[in-house]
Amino acid sequence: MTMTQQSTFKPGKGIGQPVGVAVLGMGTVGTEVVRLMDEYAEEFAARIGGPLELKGIAVSDLEKQRPGVPAELLTDDAMSLVEREDVDIVVEVIGGIDYPRRIVLAALNAGKSVVTANKALVAAHADELAEAADAAQVDLYFEAAVAAAIPVVGMLRRSLAGDQVQRISGIVNGTTNYILDAMTSTGATYDDALAEATRLGYAEADPTADVEGHDAASKAAILASLGFHTRVKFDDVHTEGITKVTADDIEAARKAGYTIKLLAICEKVTNDKGEESVNARVHPTLIPSEHPLASVKESYNAIYVDSEAAGSLMFYGNGAGGAPTASAVLGDLVGAARNKVHGGRAPGDNTYANLPIAEFGEVTSRYHIDMSVADRAGVLAELATKFADSDVSLRTLRQEEEERHSRARLVIVTHSAKESKLAQIVDELSQLDYVHEINSVIRLDG
Ligand code: HSE
């Protein structure tokens, strides 16, 4: 085990003292943070024990009109702003990795607490940021980095600090949930559902990070790190997006009583020798249509946590958008400001368990395999033998006639099997002359 937290008490500024805040970025989230800081200034002062004072806002374009924002607060020199004496807390809502990393590290090194909504930054550089925060004895908060307004980071850091988290699974990307939900409820194709998500402003002009699962993978890395007290980085997460999910897959799932969701799954894996490791993965997943996560519609997020004493918990709500993300940022800002006024630090990262990352081949799942095969005697028996030889046990097998003469569609659901075994059997199946096509292989959960 490794201990990563220092326990020295950091004295506060004293009740009634102002807390200087710098905001980096004035996009949808930054604009809402600044607006709400102003609108609820008195409330925040009462909750904190001293007023929040906005000292500056770093933007990339000083020429842009920003109604209601005092021009003298704007600067394009973020580095100088975060190092200013009168700044106590830096709110980073810029996005990206390299540039915010430099600014956030400079802020932490200068003794400023940092509140960030930046999942990609935290998932890639959490160790470095946590070390800088520890060295300067300041706070690093990132509630808004996972599922925006849904308080999952605080839940794992504080509420479940006395429990043993066993598994976290959830829908942590609103864009892909909107697309899959539209495909499920209207029969839309992937392309049409993506076009609608873009028109409504859910999907970005370049939706790659969402539809390829990268955004969800950053969030999975953060959730796994917190839940299992082990550093899990973006690159440790096995990631598959939704671009290959077809209307046909959705319909086949529906017929079998399942709904397809893009799930982030974080769990401990125990190997044959009883050794534990951590797996985090993101992939399209079939879940029973009566499972609580199947009822999560449109762009909503939900996180399902299994823990030893608490049992199963589910957290549901807005996982994206200016105001919901600002809510999480402001909650962190109030927390960091309270510590500046009264002294002390928030619970930081604690990666004492330091478990290894599981080999993906060792991870077990159930699988839904949809394929077109030759419709002739002996095919089913030969396939059953292939699965048995690969040590993958079959749970159900459904056969449907295909329109094309002499072909049958087989939908197989397996019992739990290792990823390595599944990869092997799928490879073997694809080489058989009587298997015309493997239409899809989708994991099953719940
Ligand atoms: N693009 C993300 C989503 C929100 O669609 O959920 C920010 O992480």
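All values derive from a computational prediction rather than experimental measurement.

Describing the overall build of the protein
Here's step 1: Across its full length, the protein carries 14 helices and 17 strands.
Here's step 2: Compactness check: the protein gives a C-alpha radius of gyration of 24 Å against a globular reference of 22 Å for 446 residues, within 12% of the reference.
Here's step 3: C-alpha atoms of the protein, sized along the principal axes, occupy 85 × 50 × 35 Å.
Here's step 4: Counting every position in the protein, which comprises 446 residues, the buried fraction comes to 53%.
Here's step 5: In the protein, 75% of the contacts between residues at least 6 apart in sequence involve partners at least 24 apart.
Here's step 6: Counting every atom, the protein has about 19500 Å² of accessible surface; 48% of that belongs to carbon and sulfur.

Examining the packing of aromatic side chains
Here's step 1: Across all of its chains, the model carries three aromatic pairs by this definition.
Here's step 2: Taking 6.5 Å as the distance between ring centres and 70 degrees as the angle between the ring planes, the aromatic pair formed by Tyr 40 and Phe 44 counts as edge-to-face.
Here's step 3: On the basis of relative accessibility, which here comes to 35%, the residue Tyr 40 falls in the partly exposed class.
Here's step 4: Ring centres 5.3 Å apart and planes at 15 degrees place the aromatic pair Tyr 300 and Tyr 316 in the stacked group. On the criterion of sequence distance, the pair formed by Tyr 300 in strand β11 (residues 300-307) and Tyr 316 in strand β12 (residues 311-318) is long-range, its members being 16 residues apart.
Here's step 5: For Tyr 300, a relative accessible area of 28% puts it in the partly exposed group.
Here's step 6: A relative accessible area of 45% places Tyr 316 in the partly exposed class.

Let's talk about the site of the ligand
Here's step 1: Around the ligand, a shell composed of Lys 119, Asn 173, Gly 174, Thr 175, Asp 210, Asp 215, Lys 219 and Ala 320 is seen.
Here's step 2: Within the side chain of Thr 175, a nitrogen or oxygen atom sits 2.6 Å from an oxygen atom of the ligand.
Here's step 3: In this structure, Asp 215 approaches the ligand through a side-chain N or O atom, which is 2.9 Å from an oxygen atom.
Here's step 4: Contact with the protein chains removes 82% of the 260 Å² of surface that the ligand exposes when unbound.
Here's step 5: Those elements that provide at least two residues to the shell around the ligand are α7 (174-186) and α10 (214-228).
Here's step 6: Residues of the shell around the ligand, tallied by class, amount to one nonpolar, three polar and four charged.

Here is what the cut-offs are and how they apply
- Each chain carries its own residue numbering, running from 1 in the written order of its sequence.
- pLDDT decides what is reported in this predicted model: residues at 70 or higher carry local features, side-chain atom pairs at 80 or more are listed and counted, and totals for whole chains, interfaces and linings draw on all residues regardless.
- In computing side-chain values, all of the structure's heavy atoms are included and hydrogens and water are not.
- Numbering of helices and strands starts at the N terminus; helices are DSSP runs of H or I of at least 4 residues and strands are runs of E of at least 2.
- Put simply, the radius of gyration uses C-alpha atoms, and a globule should come to 2.2 Å times the residue count raised to 0.38.
- Three exposure classes are used, based on accessible area relative to the maximum for each residue type with a 1.4 Å probe and protein chains only: buried under 20%, partly exposed in between, and exposed over 50%.
- Residue contacts follow a heavy-atom distance rule, with two residues in contact if any of their heavy atoms lie within 4.5 Å.
- We get accessible surface area from the Shrake-Rupley algorithm with a probe of 1.4 Å; when it comes to residues, only the shown protein chains can shield them.
- For Phe, Tyr and Trp, where Trp contributes only its six-membered ring, two rings pair if their centres lie within 6.5 Å, and the inter-plane angle classes them as stacked under 30 degrees, edge-to-face over 60, or tilted in between.
- Residues are counted as near a molecule or strand when any one of their heavy atoms sits within 4 Å of it.
- Two N or O atoms form a polar contact when they lie within 3.5 Å of each other; inside protein one atom must be a possible hydrogen donor and the other a possible acceptor, and for residues adjacent in sequence the pair counts only when both atoms belong to side chains.
- Three classes are used, and their members are as follows: Ala, Val, Leu, Ile, Met, Phe, Trp, Tyr, Cys and Pro are nonpolar, Asp, Glu, Lys and Arg are charged, and the others, Gly among them, are polar.

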